[in-house]
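Descriptive structure summary
As a plain string of letters, each chain reads:
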Amino acid sequence: MNENKGYLGKRRRIDSEEEDGFLIHGEGGKKSKGLDEIITPLLFLEEQGRNEVEDAEKSRTEEMVKLEEKRSRTMMDCYSGIQDSYNDADRIDATRRRKVRANALCAATSVVSSVGISSVDGSDSGTAGNDRPPAAGPQRRLWVKNRSKDWWDQCNSPDFPEEDFRKAFRMGKQTFELICNELSSVVAKENTMLREAVPVRQRVAVCIWRLATGEPLRLVSKKFGLGISTCHKLVLEVCSAIKTVLMPKYLRWPEDESLRRIEKEFEGISGIPNVVGSMYTTHFPIIAPKISVTAYFNTRHTERNQKTSYSITLQGVVDHRGVFTDVCIGYPGSMPDDKVLENSTLYQRANAGFYQGVWIVGGSGHPLMDLVLVPYAQSKLTWTQHAFNERIGEIHRIAKDSFARLKGRWGCLQKRTEVKLQDLPIVLGACCVLHNICEMRNEGLEPEHEFKIFDDEMVPEFGLRSMNAVRARDAIAHNLLHHNLAGTSFLR
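Residues numbered from 1 in each chain as written. Predicted model: local features only at pLDDT ≥ 70, side-chain atom pairs only at ≥ 80, totals over all residues. Heavy atoms only, no water.

A few points about the sheet that holds strand S2 (residues 310-318)
- The strand order across the open sheet formed by 5 strands is S3-S2-S1-S4-S5, and the pairing between neighbours is mixed. Bordering the open sheet on either side are strand S3 (324-332) and strand S5 (372-373), each of which pairs with just one other strand.
- Pairing geometry for S2 and S3, over 6 bridges, is antiparallel. Residue pairing across strands places Gln315 opposite Cys328, the latter belonging to S3.
- The strands touched by helix H14 (residues 424-440) within the sheet are strand S1 (275-286), S2 and S3, with S3 carrying the most contacts at an inclination of about 160°. (Pairing = 2+ DSSP bridges. Helix = DSSP H or I, 4+ residues; strand = E, 2+ residues; numbered from the N terminus. Contact = heavy atoms within 4.5 Å. Axes fitted to C-alpha atoms, helices over the stretch in contact; angles between N-to-C directions.)

Structure below.
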């Protein structure tokens, strides 16, 4: 009996253990299935969140691009409006000048006619034996104020020292004579019955001396013995003639043979192949314009100089000698360097495929693109990148030094000018052409005329515009370092 009880108790324990095991395994399966049901939605949510982040990033990028395009269009619309305003002002001024000339001509004609009639009457009366005296009363008389021309007469004399002439006009007598001969057919005027025309040499001298010294028109008038308004008119006329006649000859993109020679010169300087130019963008101070003041407001110069500054820009490409081969003049001073480049003719021709397989070296304010080669801008650089920046800096320094000579040679560019804003591109273009003529003829710059240039270069928001250019720059940097062309100054 006791044995049966023991057997039954043992059997119950075994059955209970089997049931417990079954329950444990069943619960484990249920737990695994529950975890799968929890993890799957989490993975789905994670994937969905990742997609949402990518979509948001893509949307943000598209919005930034659209905003940038809208800002560029707004700036161009603003600039076009400014140009239209200037054109209207020019038309009004031209109409006013025509009326003034017409009135002066009518007055001169009436005076000459009255003089002729009186002389005829006198001769007739004398013939008839009539002794009546001429009619009493005031008569109109045309006259020109006598001004001293002693200073200009001395400069124009063949005995005037070459050194003094060079200090006054920033060039030698032969170069000055060359410019006069080139412009004589456009600048020369004929004598009239009222006054003698200003000679060509004096016209050119007034313009060049004004550009070289930057002195006010009142002092120019005293030096050359001419009226203030006459001097102002001569400066603009000669500058316009220089831009029309001399710019196509002395400031143009090189031909194929010249480009190959420039490539060799730049490669000899830096070891970087296919470089045909060095680019720099500078600012020229101006008086606050009457319209679109904010467009010309220069924030960086204002902060550095601690006074309100307005400016216009000049983007220039120079060859190995510092001679300009391309210029873009007149965009407002608030535009950064990369925006000036995007609105230039150089950029448009590059997009049209005009420049193929060549580089123009820019600064840190320009973007890296298929045409423009710029230094590495990140803070931590490898030895290879240091070496590349050192070599490309030698090329970029050529453009910066050329702009320094431009401002040092023409003193009118160093301070705020009184020239109207719509006339400034003509004056700046004439300065660039005269700079090229002086550089081509090896006209040196006196030590007292040297100028230290300084411009703030802002890193562009989108600095990398072409992956092909990124790979090409890395290849150039690698070749410079591993072919012993990089120099070692960065190791010191």
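Describing unusual backbone geometry
- Of note, the phi angle at Asn274 is positive, near 65°, even though the residue is not glycine.
- Along the chain, the position of Asn274 falls in the loop between helix H8 (256-270) and S1.
- Its identity as a non-glycine residue notwithstanding, Ser292 has a phi of 55°, on the positive side.
- By relative accessible area, which is 26% here, Ser292 ends up partly exposed. (Buried < 20%, exposed > 50% of the residue type's maximum accessible area, 1.4 Å probe, protein only.)

Re the pattern of salt bridges
- Applying the stated criterion across every chain, the model contains 15 salt bridges.
- Residue Arg166 is joined to Glu443 by a salt bridge in which the shortest nitrogen-to-oxygen separation is 2.1 Å. Taken together, the residues span a long stretch of sequence, with Arg166 in helix H3 (residues 162-169) and Glu443 in the loop between H14 and helix H15 (467-482) at a distance of 277 residues.
- Of the residues examined, Arg166 reaches a relative accessible area of 22% and is grouped as partly exposed.
- On the basis of relative accessibility, which here comes to 9%, the residue Glu443 falls in the buried class.
- As a salt-bridge pair, Arg203 and Glu237 come within 3.4 Å of each other at their nearest N and O atoms. (Salt bridge = Lys/Arg side-chain N within 4 Å of Asp/Glu carboxyl O.)

Some points on the pairing of S2
- For S2, the buried fraction is high: 9 of the 9 residues fall into the buried class.
- Of the two faces of S2, the one carrying Tyr310, Ile312, Leu314, Gly316 and Val318 and the one carrying Ser311, Thr313, Gln315 and Val317 are both buried.
- Pairing analysis gives 9 bridges linking S1 to S2, with the strands arranged antiparallel. If you follow Ile286 over to S2, its bridge partner there is Tyr310.

Digging into H8
- Compared with the 21 Å implied by 1.5 Å per residue over 15 residues, the 21 Å span of H8 between its first and last C-alpha is a close match.
- All of the buried residues in H8 are Leu259, Ile262, Glu263, Phe266 and Ser270. Along H8, the residues classed as buried sweep out an arc of 105° about the axis, all on the same side. Facing away from the buried surface of H8 by more than 90 degrees, the exposed residues are Glu257, Lys264 and Gly268.
- Contact partners of the buried residues in H8: S1, S2, helix H13 (383-409) and H15. (Expected span 1.5 Å × (residues − 1). Arc of directions from axis to C-beta.)

Details of the nonpolar core
- Ranked by size, the top nonpolar core spans 102 residues in total, and within it Phe169, Leu406 and Trp410 carry the most contacts.
- In this structure Leu406 touches Phe284, Leu314, Phe324, Leu413, Cys431, Cys432 and His435, once residues within four positions along its chain are discounted. (Core = buried A, V, L, I, M, F, W, Y, C linked by side-chain atoms within 4.5 Å.)

Re the packing of aromatic side chains
- Tallied over the entire structure, the rule returns 14 aromatic pairs.
- An angle of 80° between the planes, with centres 5.4 Å apart, marks the rings of Trp151 and Phe224 as edge-to-face. You can see Trp151 sitting in helix H2 (residues 150-156) and its partner Phe224 sitting in helix H6 (residues 217-224), a full 73 residues away along the chain.
- A connected cluster of aromatic rings, assembled from ring pairs, spans Trp151, Trp152, Phe165, Phe169, Phe176, Trp209 and Phe224.
- Directly above the aromatic system of Phe354 lies the positively charged group of Arg349, at a separation of 5.7 Å from the ring centroid.
- Above the face of the Tyr376 ring, Arg473 is positioned so that its terminal group lies 4.0 Å from the ring centre. (Phe/Tyr/Trp six-rings, centres within 6.5 Å; stacked < 30°, edge-to-face > 60°. Lys NZ or Arg CZ within 6 Å of the ring centre and 35° of its normal.)

A few points about the packing of H8 against H13
- One can describe the packing of H8 onto H13 by two numbers: an axis separation of 9 Å at closest approach and a directional angle of 130°. Compared by their axis directions, H8 and H13 come out oblique. For the pair H8 and H13, the crossing hand works out as right-handed. Between H8 and H13, the residues in contact are Phe266, Ile269 and Ser270 and Arg391, Glu394, Ile395 and Ile398, respectively. (Parallel < 35°, antiparallel > 145°, perpendicular 65-115°, else oblique. Left-handed = near helix turned anticlockwise from the far one by under 90°.)

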